[in-house]
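Structural features, examined
Chain by chain, the residues run as shown.
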Amino acid sequence: MIFTLTFKTPDVIDQAYDQVNYDPQTQCDCEDICVDCSRLIEQAEDNKNEISSFSKKFVEYGECITIEFDSDLGTATVLPVKRR
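Now for a look at the structure at hand. (Residues numbered from 1 in each chain as written. Predicted model: local features only at pLDDT ≥ 70, side-chain atom pairs only at ≥ 80, totals over all residues. Heavy atoms only, no water.)

1. Things to note about helix α3 (residues 35–55)
We count it as follows: For the purposes of this entry, the term helix denotes a DSSP run of H or I that reaches at least four residues, the term strand denotes a run of E that reaches at least two, and both are numbered from the N terminus. Between the first and last residue of a helix there are one fewer steps than residues, each counted as 1.5 Å, and that sum is the expected span. The cut-offs for exposure are 20% and 50% of the maximum accessible area for each residue type, with area from a 1.4 Å probe on protein chains only; residues under the lower value are buried, those over the upper are exposed, and the others partly exposed. Arc, as used here, means the arc of the directions from the helix axis to the C-beta atoms.
In this model, α3 (21 residues) spans 30 Å end to end at C-alpha, consistent with the 30 Å of a helix rising 1.5 Å per residue. Among all positions in α3, only C37, L40, A44, N47 and S55 are buried. Mapping the buried residues of α3 onto a view down its axis gives an arc of 75 degrees, with all of them on the same face. Exposed side of α3, more than 90 degrees from the buried face: V35, R39, E42 and E50 are the residues found there.

Listed below in structure tokens is the structure:
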């Protein structure tokens, strides 16, 4: 049997970003923003943009995700937004 469920989790993308984001000040011993901190800040922003771009394929409105379950195969597949 195949069935789908849509889950609504407000702020799920922000939460995902927070899990992979890091505070540049914890990675550098400087007192002010230095060259290394600037690179870390730039990398953090790139990570956020990558998460946002990728997740838009699967997460609608930044909070809704649909999963297709197949009990015969024992699988669960996240459906791209376009397939819904």
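2. Here's the deal with the environment of T66
We count it as follows: Whenever a nitrogen or oxygen atom comes within 3.5 Å of another N or O atom, the pair is scored as a polar contact, on the condition that within protein one atom can donate a hydrogen and the other can accept it, and that pairs from neighbouring residues in sequence are kept only if both atoms are in side chains.
As for its position among the elements, T66 is in strand β3 (residues 64–70). Within the structure, T66 has its side chain in polar contact with the side chain of T6 (distance 2.7 Å).

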